[in-house]
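# An overview of the molecular structure
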Amino acid sequence: MNLKDAILNRRSIKIFGESTIDVDVVKQAINSAIYAPNHGVREPWHIKYVQKEQLEQYAEQVGDIAFKGDEQKKRNHASKLSMLGGILVVSVDRDVRQKQHHENLMAGGAFMQNLMLLLHAEAVGTCWHTPGYMFTPEYYQMMNISSDQEIIAELYLMDVNDDNSSERSNGYDDIVETW
Ligand SMILES: Cc1cc2nc3c(=O)[nH]c(=O)nc-3n(C[C@H](O)[C@H](O)[C@H](O)COP(=O)(O)O)c2cc1C
């Protein structure tokens, strides 16, 4: 698959289907995604891999944080998560210096795009999620991620399906002006 095809055809998968993902494919994609640009080669990224067999426990704990006793919502959410092939929770190092922190976040975004494209090329579908609970101290604690890091994504891994709607309306003529 060439790069342009990967960029044009990768779409966030929002329809859930029962998925099984090859862990080695994920591992290889991560080992290539780390070649994303990052200032100072600080390599600010970290990943917690929630594997398929851990999804039930993950959903149980996330449900307690996200839905606070609303059992119906918790069950609905858990039944979706149980279909995934796994989840990658991606964080980057925080830096007290504004410039460096900004650079780390941007590098994290570049890493994410690399990762999603590489997975797409191996027929692994993804959707980058930023749910409200991702920003709570309870979730950091549950994931065992210290406040020295900032979580940037809960990346759902699943089989690619036909849910590839997402046209773009802007192009060169809309976004580029001669200075
Ligand atoms: C930083 C970021 C956060 C996102 N958060 C969510 C989210 O919380 N829930 C969701 O369904 N999609 C989320 N998405 C996916 C976007 O909604 C999706 O990329 C958009 O619909 C464009 O579709 P495409 O990825 O298929 O091009 C997020 C994407 C990015 C880049």
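This section reports on the structure supplied with the text. Predicted model only: the values in this text are computed from it and were never measured.

Our focus in this paragraph is the packing of aromatic side chains. Tallied over the entire structure, the rule returns 4 aromatic pairs. When the ring of Trp45 is compared with that of Phe111, the centres are 4.9 Å apart and the planes differ by 20 degrees; the resulting orientation is stacked. On the criterion of sequence distance, the pair formed by Trp45 in strand E1 (residues 45–51) and Phe111 in helix H5 (residues 98–121) is long-range, its members being 66 residues apart. Taken as a pair, Trp45 and Phe111 share a single burial class, namely buried. Following the ring pairs from residue to residue traces out a cluster consisting of Tyr58, Tyr133 and Tyr139.

Here the focus is the nonpolar core. The biggest cluster of nonpolar side chains holds 22 residues, and the ones touching the most others in it are Leu88, Phe111, Leu115, Leu119, Leu155 and Leu157. Breaking this core down by element, the ones donating at least two residues are helix H2 (23–33), strand E2 (86–93), H5 and strand E4 (149–159). Among the elements that line this core, the one with the most residues is H5, at 6 residues. With near-sequence residues (within four places) excluded, Leu157 lies in contact with Ile21, Val26, Tyr49, Leu84, Gly85, Gly86, Ile87, Leu88, Leu119, Val124, Gly125 and Thr126.

Calculation rules
- Residues numbered from 1 in each chain as written.
- Predicted model: local features only at pLDDT ≥ 70, side-chain atom pairs only at ≥ 80, totals over all residues.
- Heavy atoms only, no water.
- Phe/Tyr/Trp six-rings, centres within 6.5 Å; stacked < 30°, edge-to-face > 60°.
- Helix = DSSP H or I, 4+ residues; strand = E, 2+ residues; numbered from the N terminus.
- Buried < 20%, exposed > 50% of the residue type's maximum accessible area, 1.4 Å probe, protein only.
- Core = buried A, V, L, I, M, F, W, Y, C linked by side-chain atoms within 4.5 Å.
- Contact = heavy atoms within 4.5 Å.

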